[in-house]
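What follows is each chain in one-letter form.
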Amino acid sequence: MKGEVAAIVAACLWAVASAIYSRLGERIPALQINLIKGIVSIILFVVTILWRNELFTNIPIFPFWLLLLSGAIGIGLGDTAFLSAMNTLGTRRALLMQTLSPPITAILALIFLGENLKIIAWFGIVLTVIGVAWVVTERTTQSNDDILDEFQQRTRINLRKGIILGLVAAFANAIGAVFSRVALSSEDISISPLWAALLRLSAGVIVLFPWLYLQARNSQNRTTLTTPYWKSPRILAIVFFAVFCGTYLGIWLQQVAIKFTAVGIASTLLQTSPIFIIPIAIGMGERVSPRAILGVLTSLVGIVVLFYLG
């Protein structure tokens, strides 16, 4: 169950990082956040590869390009679309739309990889997704998301744009996961999840540069990359912590999960981040409704099914 454990730990780390990114996203454009976290993570991965003496590795051409394409779609496009969806829809709705990613991934894996999951595994996926959806649709009267929702209603933000961004993120993450699975599941070669994460991140960052250039060119404000927020040591420390947990460790563990378990199961477990926010909220003294707790328990039952029966 190495892959399943890696997916759960990654989801926990992403829960922490997502909370930080959602706050930063209120002041810093999503494209900038995605670019900076990608660059910092690449540096961390290179240092780790040098430390582990894995600099020279033999990766065949086909898996190499598959991993790059996986990163360009899943990280470059998918993560940017998700961060933009959080700014437009709010964290709760954006996470809800991400629950579409596991079934999409499982269906794509069935069609293109022949990964035919057991009936009980599909049951576990459905239970987990329902539980996560139940948690992220929970409303509390004093939550930041409700405040953001009220602000969005007052300013009439285009929800259609946010829904489209959420769908793009879900499909991009699913396609990226399937491509990564193809590259990592070959019986003839063994690609390190560390190298897979580095290649995916590198491609994800590369595709952001022309996107960022076009955004700056079309904007009246040409100081896109020199925003004063990045001059604050406090913000830099917060970003580094989120990058270390959510991007560096999270994506590394994601590749471990995809390598060692069926991609449909891995994708489902990787999307359980919202349920880890509940115990954090309880620990901080926040009131959690019975509905949210029931959603967590439903997801936990689905996770148990995937671990022991799927």
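Here's a quick rundown of the structure. Model, not experiment: these values are computed from the prediction.

### Description of empty space enclosed by the protein
Scanning the model with the defined rule gives 1 cavity of 30 Å³ or more in all. Its boundaries defined by the atoms lining it, the largest cavity holds a volume of some 610 Å³. Around the largest cavity sit 31 residues that line it, and Trp14, Asp79, Phe82, Gln98 and Asn173 are the ones nearest its centre. Broken down by element, the lining of the largest cavity gets its largest block of residues, 7 residues, from helix 3 (residues 61-89). Grouping the amino acids of the lining of the largest cavity by side-chain chemistry returns 14 nonpolar, 14 polar and 3 charged.

### Here we look at unusual backbone geometry
Positive phi values are uncommon outside glycine, yet Asn53 reaches one of about 55°. Within the element layout of this structure, Asn53 appears in the loop between helix 2 (30-51) and helix 3. The class of Asn53 is exposed, set by a relative accessible area of 71%.

### Considerations on helix 12 (residues 263-270)
Most of helix 12 is tucked away, with 8 of its 8 residues classed as buried. Within helix 12, the full set of buried residues consists of Val263, Gly264, Ile265, Ala266, Ser267, Thr268, Leu269 and Leu270.

### Details of the pattern of salt bridges
Pairing between side chains becomes possible if they bear opposite charge and their charged atoms approach one another. Evaluation of the coordinates by the stated rule reveals 3 salt bridges. Where Asp79 meets Lys37, a salt bridge forms, and the shortest distance between an N and an O atom there is 3.3 Å. Within this pair, whereas Asp79 is found in helix 3, its partner Lys37 is found in helix 2, the two being separated by 42 residues in sequence. Residues Asp79 and Lys37 agree in their burial class; the two are buried.

### A look at helix 11 (residues 233-260)
For helix 11, with 28 residues, the first-to-last C-alpha span of 39 Å sits near the 40 Å given by 1.5 Å per residue. At Val243, helix 11 is deflected by roughly 35°, the largest bend along its length.

### A closer look at the side chain of Ser267
Secondary-structure assignment places Ser267 in helix 12. For Ser267, a relative accessible area of 7% translates into the label buried. When near neighbours in sequence (up to four residues on either side) are disregarded, Ser267 contacts Ser101, Pro102 and Thr105.

### Concerning the environment of Thr298
Positionally, Thr298 belongs in helix 14 (residues 290-308). In this structure, the C-alpha to C-alpha distance between Thr298 and Thr128, residues 170 residues apart in sequence, is 6.5 Å.

### With respect to the environment of Ile107
With respect to the helices and strands, Ile107 occurs in helix 5 (residues 101-112). With 67 residues separating them along the chain, Ile107 and Ala174 place their C-alpha atoms 9.5 Å apart.

### Structural notes on the side chain of Gln98
Here Gln98 lies in helix 4 (residues 91-98). Ignoring anything within four residues of it in the chain, the contact list for Gln98 reads Phe82, Gly166, Ala169, Ala170, Asn173 and Gln271.

### Re the packing of helix 3 against helix 9 (residues 193-206)
At a closest axis distance of 7 Å, the pairing of helix 3 and helix 9 adopts a crossing angle of 55°. By the angle between their axes, helix 3 is oblique relative to helix 9. When the axes of helix 3 and helix 9 are compared, the crossing they make is right-handed. Only Ala196, Leu199, Arg200, Leu201, Ala203 and Gly204 of helix 9 make contact with helix 3, whose side of the interface consists of Phe64, Leu67, Leu68, Ser70, Gly71, Ala72, Gly74, Ile75 and Gly76. The class makeup of the residues in the contact of helix 3 with helix 9 is 9 nonpolar, 5 polar and 1 charged.

### A look at the nonpolar core
Ranked by size, the top nonpolar core spans 83 residues in total, and within it Tyr21, Leu24, Phe45, Leu117, Leu269 and Ile275 carry the most contacts. No other element matches helix 1 (residues 2-24), which puts 11 residues into this core. Among all residues touching Leu269, those that are not within four sequence positions of it are Glu4, Ala7, Ile8, Ala11, Ile303, Leu306 and Phe307. If you look at the next biggest cluster of nonpolar residues, it comprises 5 residues, including Ile104, Ala170, Ala174 and Val178.

What counts, and at which threshold
- Residues numbered from 1 in each chain as written.
- Predicted model: local features only at pLDDT ≥ 70, side-chain atom pairs only at ≥ 80, totals over all residues.
- Heavy atoms only, no water.
- 1 Å grid on protein atoms, 1.4 Å probe; cavity = no way out; pocket = protein on both sides within 12 Å on 5 of 7 lines; lining within 4 Å.
- Points joined across faces, edges and corners; volume = space filled by probe spheres on them.
- Helix = DSSP H or I, 4+ residues; strand = E, 2+ residues; numbered from the N terminus.
- Nonpolar A, V, L, I, M, F, W, Y, C, P; charged D, E, K, R; others polar.
- Buried < 20%, exposed > 50% of the residue type's maximum accessible area, 1.4 Å probe, protein only.
- Salt bridge = Lys/Arg side-chain N within 4 Å of Asp/Glu carboxyl O.
- Expected span 1.5 Å × (residues − 1).
- Bend = angle between axes of the 7 residues up to and from the residue.
- Contact = heavy atoms within 4.5 Å.
- Axes fitted to C-alpha atoms, helices over the stretch in contact; angles between N-to-C directions.
- Parallel < 35°, antiparallel > 145°, perpendicular 65-115°, else oblique.
- Left-handed = near helix turned anticlockwise from the far one by under 90°.
- Core = buried A, V, L, I, M, F, W, Y, C linked by side-chain atoms within 4.5 Å.

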